[in-house]
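As a plain string of letters, each chain reads:
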Amino acid sequence: MSLNATVVHQTAQQLYANVDFSTLSWLEQQWAAWYLWIDNPIIATGLMSFLLHEIVYFGRSIPWIIIDAIPYFQKWKLQPNKIPTPQEQWECTKQVLFSHFTIELPAIWLFHPTAESFGMATHQVPFPSWQTMLPQIAIFFVFEDMFHYFAHQALHTGALYKHIHKIHHKYSAPFGLAAEYAHPAEVFILGTGTIAGPLLYCYFTQNLHIFTVYIWITLRLFQAIDAHSGYDFPWSLQHIIPFWSGAEHHDFHHMAFTNNYSTSFRWCDRIFGTDDKYREYRARITASKEAMKNKSKAEQDAAEKQLIAQIEAEGLLAEAIAEGSAPAKTIKVQ
Ligand SMILES: [Zn+2]
Ligand SMILES: [Zn+2]
C-alpha cells in the first residue's frame, strides 16, 4: 500500500522533473500543484475542464439574472415585453445542469487523452507567452464562427430542426442561461466548432497549450451567454467593434427565426446575404423612431412593440415551414 503510494507519487513528480519552480509565476505554480495534487493527469485535466465550464457558465449568467430583476435596465432590453421570470430561469438552469452532469461529465475524461494525442501541452509549465496565445485565440474565433454559420444553418432544415434545434428555439426572447439550452446532439455538433479548431491547429503546428484553449473556451462562453442576454447597452461590444455580433444580432435570430446564423462576427451573414431581414428590421426600427420623434414615450413604445409582434408572427410561420407543418406557399399568401 505504502509502496504503491510512493510509486504514484514519483510518477506525478516525474511530470516536473526538469522544472525550476522558482522561475514560475504564481498561476503556473498553482497549475503544477494541481497536477501534482490530483496525481493523475487524465482526472486532473477532466476535472479542471468541467469546473471551468461550470464556474464560467453560471458565473457569467448571474449578472444577467440580476439585471433581469432590476426594472431600470429594461430600457435596454431588445424585446422589452419579454422579461424572463425566475421560474423560467430555474427551469432552464435545471435542464442545462442535467445535460452537463449526464452528458458532459461522463465524456470529459476523454479530453486529456484526445488533447495529448493531437500533441497538445497539458500539465507543462511555463505557459506560452501572450504573443503566442493571442493569434491562436483569434484563429479559433474565426474558425468557430464559420463552422457555426454553416452547421447552424443546416440545423434549420427539416428533420434536424424538428428533432434537434427546436429545443434551443424554445425561447423567442432568450436570456443568458439559455445559451446552452439545447439538445445533446446540438451541443455535440456546435461544440465541435469550439474544440475542432484547437485540435486541428495543434495537429498541424504541434504548438498549443491547453491553458490557451481554456482562455478561448472562457471567451467563447462569455460570447455565447452575452449573445443570449437579450440586452443591448450603449457600451456593448458591438458598439465598439462594429463586426462583433453581440446580443442585438442573435436576439433577432431567436425572435424572427431566420437570419443571423453566426456566433461572434457579422461578416458571414453579410457575405452570404443571410442578414437581409435583420437589416430591413433595423431600418424599420430606425424609421419608426424618426417618425415618432415628437410623440409620447408610450406611443413610441407601442409602435416598437407592434413591429416586434409582426416580426414574431412571421417567425412563427417560418418555424412551421421549417418543421414541415405548413406549406411553403403560405408565406406568399401572407
Ligand atoms: Zn437557430
Ligand atoms: Zn441561440
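Residues numbered from 1 in each chain as written. Chains lettered and ligands numbered in written order. Predicted model: local features only at pLDDT ≥ 70, side-chain atom pairs only at ≥ 80, totals over all residues.

Some details on the overall build of the protein
Point 1. The number of helices and strands found in the protein is 14 helices and zero strands.
Point 2. Reported as C-alpha extents along the three principal axes, the dimensions of the protein are approximately 80 × 40 × 40 Å.
Point 3. Here the protein, with 334 residues, has 30% of them falling under the buried criterion.
Point 4. Taking contacts inside the protein between residues at least 6 apart in sequence as the whole, the part at least 24 apart equals 64%. (Helix = DSSP H or I, 4+ residues; strand = E, 2+ residues; numbered from the N terminus. Buried ≥ 20, exposed ≤ 12 C-beta atoms within 10 Å, placed from the backbone. Contact = placed C-beta atoms within 7 Å.)

Things to note about helix α2 (residues 26–38)
Point 1. Helix length check: α2, at 13 residues, gives a terminal C-alpha distance of 18 Å against a target of 18 Å (1.5 Å per residue), a fit within 8%.
Point 2. Those residues of α2 lying buried are Trp31, Ala32 and Tyr35. Burial along α2 is one-sided: seen end-on, the buried residues are contained in an arc of 90 degrees. Pointing more than 90 degrees away from the buried face of α2 are the exposed residues Trp26, Gln30, Ala33 and Trp37.
Point 3. Following α2 by one or two positions, Asp39 has its phi on the positive side, about 70 degrees. (Expected span 1.5 Å × (residues − 1). Arc of directions from axis to C-beta.)

A short note on the confidence of the model for the protein
Point 1. In this model, the protein carries a mean pLDDT of 90, and residues with pLDDT of at least 70 account for 93%.
Point 2. This model gives residues 1–9 a pLDDT under 50, and the stretch forms two contacts once residues within four places in sequence are excluded. (pLDDT = per-residue confidence, 0-100.)

Remarks on the packing of α2 against helix α3 (residues 41–69)
Point 1. The N-to-C vectors of α2 and α3 enclose an angle of 125 degrees; their axes lie 8 Å apart at closest approach. Taken as axis vectors, α2 and α3 run oblique relative to one another. Pair α2 / α3 crosses with right-handed handedness. The residues of α3 that touch α2, namely those facing Trp34, Tyr35 and Ile38, are Pro41, Ile43, Ala44, Leu47 and Met48.
Point 2. Grouping the amino acids of the contact of α2 with α3 by side-chain chemistry returns eight nonpolar, no polar and no charged. (Axes fitted to C-alpha atoms, helices over the stretch in contact; angles between N-to-C directions. Parallel < 35°, antiparallel > 145°, perpendicular 65-115°, else oblique. Left-handed = near helix turned anticlockwise from the far one by under 90°. Nonpolar A, V, L, I, M, F, W, Y, C, P; charged D, E, K, R; others polar.)

Details of helix α4 (residues 86–107)
Point 1. In this model α4 runs 31 Å from its N-terminal to its C-terminal C-alpha over 22 residues, within 8% of the 32 Å that 1.5 Å per residue would give.
Point 2. Of all the bends in α4, the greatest, near 30 degrees, is centred on His100. (Bend = angle between axes of the 7 residues up to and from the residue.)

Thoughts on the nonpolar core
General note: in soluble globular proteins, nonpolar side chains tend to be found buried as a group.
Point 1. By size, the foremost hydrophobic cluster in this structure holds 17 residues, and its most contacted members are Cys92, Leu177, Ala178, Tyr181 and Ala224.
Point 2. Breaking this core down by element, the ones donating at least two residues are α3, α4 and α9 (210–227).
Point 3. With four residues, the top contributor of residues to this core is α9.
Point 4. In this structure Ala178 touches Cys92, Tyr171 and His228, once residues within four positions along its chain are discounted.
Point 5. One finds Phe140, Cys202, Ile210 and Trp216 within the second-largest nonpolar core, a separate group that totals 10 residues. (Core = buried A, V, L, I, M, F, W, Y, C linked by C-beta atoms within 7 Å.)

Some words on the environment of Pro184
Point 1. With respect to the helices and strands, the residue Pro184 is situated in helix α8 (residues 184–205).
Point 2. The exposure class assigned to Pro184 is partly exposed, which follows from the 14 C-beta atoms found within 10 Å.
Point 3. Taking C-alpha positions, Pro184 is 9.9 Å from His165, a pair spaced 19 residues apart along the chain.
Point 4. In contact with Pro184, not counting residues within four places along its chain, are Ser99 and Ile103.

Quick notes on unusual backbone geometry
Point 1. Note that the residue after Val125, namely Pro126, is joined by a cis bond; omega there is 0 degrees.
Point 2. Here Pro126 shows up in the loop between α5 (111–117) and α6 (130–154).
Point 3. Here Phe257, not a glycine, exhibits a phi torsion of approximately 60 degrees, which is positive.
Point 4. Take Phe257: it is sitting in the loop between α10 (246–256) and α11 (267–271).
Point 5. Taking the number of C-beta atoms within 10 Å as the measure of exposure, Phe257 has 23 and is therefore buried.

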